[in-house]
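# Topology and contacts: notes
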Amino acid sequence: MQNILNNVKNTSNPYYHKLIYLQLDFSFKTSSRIFFSDTLYKDLIEHLYKFTITISSKVNENGIAVDFFYIRNLYDNHLSETLNSNIINLALPNINPTAENLCYYIWTSFKNILPENVSLEEITFSECDQHRVIINRNHFV
């Protein structure tokens, strides 16, 4: 069967070429022990965490900011294995895996791997549907 799009050529002119915000959703599953003190803790077994990152990038002459798949590949190659570990306390031994600390870990990790033309604006991290923590770039001004 012939591809019906074979005759389509790029004849467009730049349409929108300013700064734009993009959001990507991620999730991971891990077990953790969250410490409230030396003797008080809560165990979360195979717990599903979700987070949304907001980034900004200038739109190029083809109408594309940064490719969503490029950002997803950064996550897959640099963070996914650690966050999806069986026990996150073992993967991140110096971090008490609270929502606040995991959000900050994800922030610093993305900050270190994003290209220069992409800015990390905000991360919203959910430990369940009713509880979230947010870190945004204003925390670091």
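Since the structure is predicted, the reported quantities are computational estimates derived from the model, not experimental observations. (Residues numbered from 1 in each chain as written. Predicted model: local features only at pLDDT ≥ 70, side-chain atom pairs only at ≥ 80, totals over all residues. Heavy atoms only, no water.)

## Focus: helix α1 (residues 68–78)
Let me state the cut-off plainly: Relative accessibility thresholds used throughout: buried, under 20% of the residue-type maximum; exposed, over 50%; partly exposed, between the two (1.4 Å probe, protein chains only). Only DSSP runs of H or I with at least four residues qualify as helices, and only runs of E with at least two residues qualify as strands; both kinds are numbered from the N terminus onward. Throughout, the arc means the angular range of directions from the helix axis out to the C-beta atoms. Contacts: residue pairs with any heavy atoms within 4.5 Å of one another. The definition of a polar contact used here is a pair of N or O atoms within 3.5 Å, where within protein one atom must be able to donate a hydrogen and the other to accept one, and adjacent residues in sequence count solely through side-chain atom pairs.
Of all the residues in α1, the buried ones are I71, L74 and Y75. One face of α1 carries all of its buried residues, which in axial projection span an arc of 95°. In α1, the exposed positions angled more than 90 degrees off the buried face are occupied by F69 and N77. Considering only its buried residues, α1 is in contact with β1 (19–35), β2 (41–58), α2 (80–83) and α4 (99–113). Sitting at the amino-terminal end of α1 is D67, which places a side-chain oxygen 3.1 Å from the backbone nitrogen of F69.

## Thoughts on the nonpolar core
Across soluble globular proteins, nonpolar side chains show a tendency to be buried alongside one another. Our working rule: Nine residue types can take part in a nonpolar core, namely buried Ala, Val, Leu, Ile, Met, Phe, Trp, Tyr and Cys, and a core is a set of them joined through side-chain atoms within 4.5 Å.
Of all hydrophobic cores here, the largest spans 34 residues; its most connected members are F51 and F110. Elements supplying a minimum of two residues to this core: β1, β2, α1, α4, β3 (118–128) and β4 (131–136). The element that contributes the greatest number of residues to this core is α4, accounting for seven residues. Once residues within four sequence positions are removed from consideration, F51 is found in contact with L24, D25, F26, F28, Y75, L83, I106, F110, I123, T124 and F125.

## Some thoughts on unusual backbone geometry
The phi angle of most residues is negative, glycine excepted, and most peptide bonds adopt the trans form. Despite not being glycine, E46 has its phi angle at roughly 45°, a positive value. Assignment of secondary structure puts E46 in strand β2.

## Let's talk about the pattern of salt bridges
Filter applied, for reference: Salt-bridge detection follows one rule: a side-chain nitrogen of Lys or Arg within 4 Å of a carboxyl oxygen of Asp or Glu.
For the structure shown, the criterion picks out two salt bridges. The salt bridge partner of R33 is D43, with a shortest N-O separation of 2.6 Å. Placement of the pair is R33 in strand β1 and D43 in strand β2, with a sequence separation of ten residues. Look at R33 and you get partly exposed, because its relative accessible area is 31%. Of the residues examined, D43 reaches a relative accessible area of 36% and is grouped as partly exposed. Between E121 and R137 there is a salt bridge whose closest N-O contact spans 3.1 Å. Linking E121 in strand β3 with R137 in the segment after β4, this pair joins segments that are 16 residues apart in sequence. Taking the relative accessible area as the measure of exposure, R137 reaches 40% and is therefore partly exposed.

## Some thoughts on the sheet that holds β3
For the record, the criterion: Note: two strands are recorded as paired if DSSP finds a minimum of 2 bridges between them. For helices, the fitted axis covers only the stretch in contact; all axes are lines through C-alpha atoms, and the angles between them, taken along N-to-C directions, range from 0 to 180 degrees.
Ordered in space as β1-β2-β3-β4, the four strands form an open sheet in which the pairing is antiparallel. Two strands lie at the open edges of the sheet, namely β1 and β4, each paired on one side alone. Here the strands of the sheet are splayed against their neighbours by 20° on average, with no regard to which way each runs. Two strands pair when backbone bridges link them, and β3 and β4 are joined in this way by six bridges, in the antiparallel orientation. Considered in β4, the bridge of I123 is made with I135. Those strands touched by α1 are β1 and β2, and its axis lies near 20° from that of β1. In this fold α4 packs onto β1, β2, β3 and β4, with an angle of close to 155° to the strand it touches most, β3.

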